[in-house]
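Per-entry structural report
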Amino acid sequence: MSSFKHSRPKGTQDFAPPQSDRKHRVEELFRHLAGLYGFQEIVIPVFEHTEVFIKSTGVGSDIVTKQMYTFKDRAGRSLTLRPEGTPGVVRAALENRVRMPCRLFYLGPYFRYERPQKGRTREFNQLGIEALGEASPLVDAEIIGFGDSFFRELGIADCTIQLNSIGCRECRPLYRQNLVGFLTRHRDELCNDCHVRLERNPLRVFDCKNSACQNLLAQAPKPREHLCSECDRHFSEVREALNRQGLQYELNDRLARGLDYYNRTTFEYLSGRLGAQDSLGGGGRYDYLVEEFGGPETPATGLAIGLDRTMLAMPELEQNKRRRLAFVVWMSDAELEPARKLLDQLRAEGIPARMDFDAGRPKRQFKLADAAGASCCVIVGPDELTRGVYSLKDLLTGEQTEVPVNTIAIQVRALLRD
RNA sequence: GUGAGUGUAGCUCAACUGGUUAGAGCACCUGACUGUGGCUCAGGAUGUUGGGGGUUCAAGUCCCCUCACUCACCCCA
């Protein structure tokens, strides 16, 4: 179509203005909220030794078996672009001897090789928090509340919370055994996809949309009926805490979480505005992961938010055409240097400012200022200079006044808009 | 990895069953306005119809291949 030869790799995305501004705004809200809840940022590599993900995410999981960007570096080491955040965070917390309990947040790009569709790209952005060393069900509820506040703050109205408990080391295998037994007895009634699920990840049959399967599943053993007494108590306390916090949620037996390290509480935020990939974020408890990395027994809970999906679900805040920017306009060569000095002065005062050095004609400069979305123009002309003033034009209203040079910063600041 | 759909100007889309020089709106550029953006008016520029091959007197239109995008399965953030 165009003569431009290069396009971005499949499944990647560009954030050009104004999308980049929107992204930044969401990230800033996340940082702010995370700070309010006592989380501190941890910055970790974008790639890890491949084993980090295999061990934690699970050898049988889809992520590990077919979605990882794995490569060998020049010394033959197997490395993998991170497909998710939690394993790297746990690895880093242990490696840095971070004192437990600790609360960490992180954000950045993640990579999974999948067929792109709405809300699913190969490079995507995640915002995550992890509470390491906290066992209380109140922490689960607190984290669920964190996500709820986050989405609410962004004006995502139709966000629902789904909740489940998948048990622990003790009760999960029993349940799984039960379910597999049930499904195997009714094997003929299951669809082909479910036969595959039965082998690979039995809990996944609950996701099947086939009505015959659904009917059968109504009689299948339910995960929550098989919780051991401790898991059962933990789960009730999570629910009671959510009720006290005034959070609405739905119980969902089918919420299994595809990663191996989860136990007990799992939850997910769903939005109706997203299409098939309707999960805005999700998380749960992972009390065994730290141990698996060779650390001490450490309970943990976390949450990961899909930034890209969040941006899809966010209402288009009708953005002001005017930005926080002043534009300095000059008339002839004689004013070029005074105008440039003014530019420096404005910036020194903390006012974002630009000018057009190429311009010959003022008309062009005003056009540029308008196109750049500037809030105002400061006009430096021969008349103004001889009288010790600048002309200041409000680009929103069109009003223009003359202001003394020594008050320019104050006057400009008053006109800046976001 | 599987399936379906779509590719025409920077963007959104036209072009009757194959028919002659592929159009419109928005955006863009120029001027009216040599010290003033938006609004108005007048004018202007723009395409290997995604790419390659084939059928035909003739292909944007039909067929094959390929690439890209989109949606869904799957999976998850």
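Summarised in this report is the structure supplied together with it.

Conventions and cut-offs
Residues numbered from 1 in each chain as written. Chains lettered and ligands numbered in written order. Predicted model: local features only at pLDDT ≥ 70, side-chain atom pairs only at ≥ 80, totals over all residues. Heavy atoms only, no water. Patch = residues over 30% accessible without salt bridge, like charges linked within 9 Å, V, L, I, M, F, W, Y side chains within 5 Å. Areas by Shrake-Rupley, 256 points an atom, 1.4 Å probe, with all protein chains shown as cover. Salt bridge = Lys/Arg side-chain N within 4 Å of Asp/Glu carboxyl O. Helix = DSSP H or I, 4+ residues; strand = E, 2+ residues; numbered from the N terminus. Pairing = 2+ DSSP bridges. Axes fitted to C-alpha atoms, helices over the stretch in contact; angles between N-to-C directions. Phe/Tyr/Trp six-rings, centres within 6.5 Å; stacked < 30°, edge-to-face > 60°. Buried < 20%, exposed > 50% of the residue type's maximum accessible area, 1.4 Å probe, protein only.

1. Side note on a nonpolar patch on the surface
- A contiguous nonpolar surface patch, about 230 Å² in accessible area, is contributed by V46, F47 and F71.
- By the secondary structure assignment, F47 is in strand β2 (residues 47–49).

2. What about the sheet that holds strand β16 (residues 400–404)?
- Here five strands make up an open sheet; going across it, the order is β13-β12-β14-β15-β16 and the pairing mixed. Each of the sheet's edge strands pairs with one partner strand only, and the pair in question is β13 (353–355) and β16. The average undirected angle you get between the axes of adjacent strands in this sheet is 30°.
- Strand direction decides the pairing type here: strand β12 (residues 326–330) and strand β14 (residues 376–380), joined by five bridges, are parallel. The partner of V329 across the bridge, within β14, is I379.

3. Concerning the packing of aromatic side chains
- Tallying each qualifying case throughout the model produces 14 aromatic pairs.
- Taking 6.4 Å as the distance between ring centres and 65° as the angle between the ring planes, the aromatic pair formed by Y106 and Y110 counts as edge-to-face.
- Each ring, one from F150 and one from F151, has its centre 5.4 Å from the other, and the planes form 70°; the classification is edge-to-face.
- A residue is classified by how much of its surface remains accessible, and F150, at 0% relative accessible area, is buried.

4. Description of the sheet that holds strand β7 (residues 159–165)
- A sheet is described by the order of its strands in space; here eight strands give the open sequence β1-β5-β6-β11-β10-β9-β7-β8, paired in mixed fashion. The two strands at the open ends of the sheet, each matched to only one other strand, are β1 (40–41) and β8 (250–251).
- In this structure, strand β10 (residues 279–285) lies alongside strand β11 (residues 300–306), joined through five bridges in antiparallel fashion. Along β11, the bridge assignment pairs G284 with G302.

5. Some thoughts on the pattern of salt bridges
- In total, this model carries 25 salt bridges according to the counting rule given.
- Between R285 and D287 there is a salt bridge; the shortest N-O distance is 2.8 Å.
- Taking the relative accessible area as the measure of exposure, R285 reaches 0% and is therefore buried.
- Judged by relative accessible area, which is 13%, D287 ranks as buried.
- Notably, a salt bridge pairs E337 with R340, separated by 3.1 Å at the nearest N-O pair. Of this pair, E337 and R340 are both found in helix α12 (residues 333–348), three residues apart, which corresponds to roughly one turn of the helix.
- On the basis of relative accessibility, which here comes to 37%, the residue E337 falls in the partly exposed class.
- The partly exposed category is assigned to R340, whose relative accessible area is 28%.
- Among the ionic contacts, a cluster of salt bridges with common partners joins E337, R340, K341 and D344.

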